[in-house]
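Spelled out from the first residue to the last, the chains are:
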Amino acid sequence: MRLRTLTALAGALALSLATGCAKGDSTGASANTVTYWLWDANQLPAYQACAKGFEKENPGLKVQITQLGWSDYWTKLTAGFIAGTQPDVFTDHIQKFGQFADLKVLEPLDDLDIKDSDYQPGLAANWIGQDGHRYGTPKDWDTVALFYNEKMAKDAGLTAEQLNDLSWNPKDGGTFEKAIAHLTVDRNGKRGDEPGFDKNNVKVYGLASNGGGFGDGQTQWSPFTGSAGWSYTDKARWGTKYQYGSKTFKSVIKWYFGLAKKGYLAPLSDYNIQSNQANTQVAAGKAAAAFDGAWMISSYNGFKGMDIKTALTPVGPTGKRATMMNGLADSITKGARNKEGARKWVAYLASDKCQTVVGKAGVVFPATPAGTEAAIAAYEKKGIDVSAFTEPVADKKHFRTFSYPITNYAADVTALMMPAMEDIYGNGKPVSSLDQTNDQINLILSQ
Amino acid sequence: MTVASSSPPSRLRARDVGARTKPKVRARERDGGGHGDGLLAAVFIAPAMLGFLVFLAWPTLRGIWLSFTRFNLLTPAEWVGLDNYIRMVNDPIFWGSLGVTVEYVVINIGVQTVAALAIAVLLQRLTQSSLLRGIVLTPYLMSNVVAGLVWLWILDTQLGIGNEIISAIGVDRIPFLADETWAIPTIALINVWRHVGYTALLLFAGLQAIPNDMYEAAKVDGASEWRMFWRITMPLLRPVLAVVLIMTVIGSFQVFDTVAVTTAGGPANATNVLQYYIYGSAFGRFQFGYASAMSVALLVVLSAITVLQYRLTRAGQTDLG
């Protein structure tokens, strides 16, 4: 009797589990819901406001927004693609675009009729795949500038005008290296350009470390490689050959990481992607300046008891300043449950209507010119001057902007370049080692 | 036991066995469930068996099959024969990963075993306090990720309190998790900190099984604690120690979470342990075939080490009695 009861109980439990699994739907989406994912918590309120406007215009449709931290975001998205629990629409990054195109998990968006001229230059074109189809609609953009501690600069006798007028070259580093050296202070109070400077006991580094920079160097070496005229690949988009073995690239990298040997740039060992990125070093008073992206404006301006200002990237050997101009997009997944609703939502996200709302929040630069204007005004209201980020986009004569490298096998490139750059930065490996890494990368790309 | 060792004529042994099993059968019949035994056993075994088949046997077989394919999870797997294995043998990053993993295991297991043994013996010989036993186990109650993050913050080169103290006493700051030579020993010791109490408790349980009169007899003979440790404790603890070693070595080879939260494999692959490389290849680069091949290699390495350890330590035999 007892045995039978036990068996019956076990059977009932198993049955309930099985049916539970079959009926379960982790997304909780219905036919009238569009699911949307993004990673930046700062932007969540702005997009919630957008969703409200969208729902008003499209009665019966609901947008369900999920925000996840950067690394969880991509892990969960990948798992979602495999398990079929992906969102209908998600915020896409160029770094991942190549891979998602390879995996064929994105829905073509050609019929949304996105025009290049409706957005800041270059943003719309980046989201066209090798097959000629569009897979993303421009959402926002960012550039890189030099954040610096105003008090430390004053103590060093450097004015905002001087810091905005720096130039560099790979031979002697130019006025940029001089400024960084002068901002560096050792334990005995000696500056980096003074005799008797102790580079092994630095109290404040002129320039904070943001790590080796993987294969893109966005907030590390790319302002320099860019203003030296170098490009990641043989073509602007979907190149088939990387150029990490080029003489120009190697000479810039040698000079840039050489700043760490001189004691002006914080060493790799001071950097940790979890605990101590460049902004933390500046906040802790361990570094006077840092190259960082527009998405960090609010973070740097939030440091307590510290005035942080921004300066343009320095003029390079080409006579121009340079910064990466990266843009995010919204993409629809191939397995989206509500494709019709998703198309409407993406079209709305890409419109001036939504982008102006996002711009007014003053947390990011939206992709449409009207959205950008709204953001600049919002930052101004908060007392933040963002011209170091917007000038490069407006002034093509004096600035070169370039995009994140867009190629196939982007994850493999990162996996190979990360240790290669860290070896040069942290272990003093010669830059000639990049030849071999570049060959390996190009071999993978030629597959 | 006695039947086997005295090796009587086979007829006698058969009768002997029969005589011993008969009453048991009768006892079962009295309960009235003679035919239900098989079914009952099946019911009890079924959940474990189901778990074994679904979560162990099937994934292992599928993993082995995938190691002969090119597979990105989203499109069908494509048979490539031995390609993944050839690539593995020629992949310097794989060998580097294996190297740092072995370095990690040697430091982790070496320090952990000696420390755990010392703690276990002290717990047994010096105190009966269950409070102390509880305290020893405390770090084990923390999740690996939390332990990793806490130590990451303590040891941070610029901001960590550990390095603040080091520099306050006039020594240069140590990039514990950011330097090639320091990173693996640091991660190994973080995990020693977390696991040593648990390992000590396992060994302590083994020590409890050693009859106390042996120590008393030795004491009467005038043996020192040191001598008793080597002549009584170690030989009698050997089977337990062997099993603990096998388990901890296997666990140690699979180090992943601490690396993932503290160094992410860096700097320059210095902590790119095998499990982390496998994870990156699979979930970062979508090379599930290659990742499976490396997993199979890890399986082979672990099996070989386990068999070797089992043999060398005679884990199946005891010196007691």
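The paragraphs below set out a description of the structure included in this document. (Residues numbered from 1 in each chain as written. Chains lettered and ligands numbered in written order. Predicted model: local features only at pLDDT ≥ 70, side-chain atom pairs only at ≥ 80, totals over all residues.)

1. Looking at the overall build of chain A
Inference 1: Helices and strands together make up the secondary structure of chain A, namely 17 helices and 13 strands.
Inference 2: Compactness check: chain A gives a C-alpha radius of gyration of 24 Å against a globular reference of 22 Å for 447 residues, within 12% of the reference.
Inference 3: Expressed along its principal axes, the backbone C-alpha trace of chain A runs to roughly 90 × 55 × 50 Å.
Inference 4: Long-range pairs, those at least 24 residues apart, make up 71% of the contacts in chain A with a sequence separation of at least 6. (Helix = DSSP H or I, 4+ residues; strand = E, 2+ residues; numbered from the N terminus. Rg over C-alpha atoms; globule rule 2.2 N^0.38 Å. Contact = placed C-beta atoms within 7 Å.)

2. With respect to the overall build of chain B
Inference 1: From N to C terminus, chain B includes 14 helices and two strands.
Inference 2: Here chain B holds 321 residues, and 30% of them are scored as buried.
Inference 3: A separation threshold of at least 6 residues defines the contact pool for chain B, and within that pool the share at least 24 residues apart is 70%. (Buried ≥ 20, exposed ≤ 12 C-beta atoms within 10 Å, placed from the backbone.)

3. Some points on the interface of chain A and chain B
Inference 1: The interface is formed by 30 residues belonging to chain A together with 28 residues belonging to chain B.
Inference 2: Elements with a contribution of two residues or more to the side of chain A that touches chain B: helix H1 (2–23), helix H3 (70–83) and helix H16 (410–427) of chain A.
Inference 3: Counting residues per element, the side of chain A that touches chain B draws most heavily on H16(A), at eight residues.

4. Overview of the pairing of strand S7 (residues 202–207) of chain A
Along any regular strand, the residues point their side chains to alternate faces of the sheet.
All names here are of chain A.
Inference 1: The buried count for S7 comes to five of six residues, which makes it a mostly enclosed element.
Inference 2: Where strand S6 (residues 185–186) and S7 come together, two bridges link them in antiparallel fashion. In the strand pairing of S7, Val-185 is matched with Val-204.
Inference 3: Bridge count for S7 against strand S8 (residues 287–293) is two bridges, and the pairing is parallel. Across the sheet, the residue bridging to Tyr-205 is Ala-287, located in S8. (Pairing = 2+ DSSP bridges.)

5. Focus on the sheet that holds S7(A)
Inference 1: The sheet built from five strands is open, its strands ordered S6-S7-S8-S5-S9 (chain A) with mixed pairing. Both edges of this open sheet fall to S6 and strand S9 (308–311) of chain A, since each of them pairs with a single strand only.

6. Structural notes on the environment of B:Leu137
Inference 1: Residue position: B:Leu137 is located in helix H6 (residues 130–137).
Inference 2: In this view, B:Leu137 contacts B:Gly197, B:Tyr198 and B:Leu201; residues no more than four positions away in its chain are not counted.

7. As for the sheet that holds strand S12 (residues 365–366) of chain A
Inference 1: Spatially, the six strands line up as an open sheet ordered S2-S1-S3-S11-S4-S12 (chain A), and their pairing is mixed. The sheet is open, and its two borders are formed by strand S2 (62–67) and S12 of chain A, each paired with just one other strand.

8. Looking at the environment of B:Gly148
All names here are of chain B.
Inference 1: Tracing the backbone shows Gly-148 in helix H7 (residues 144–155).
Inference 2: When the 24 C-beta atoms within 10 Å are taken as the criterion, Gly-148 is described as buried.
Inference 3: Gly-148 sits 49 residues away from Gly-197 along the chain, and the two C-alpha atoms are 17 Å apart.
Inference 4: The residues touching Gly-148, leaving out its near neighbours within four places in the chain, are Ile-190, Asp-257, Thr-258, Val-261 and Thr-262.

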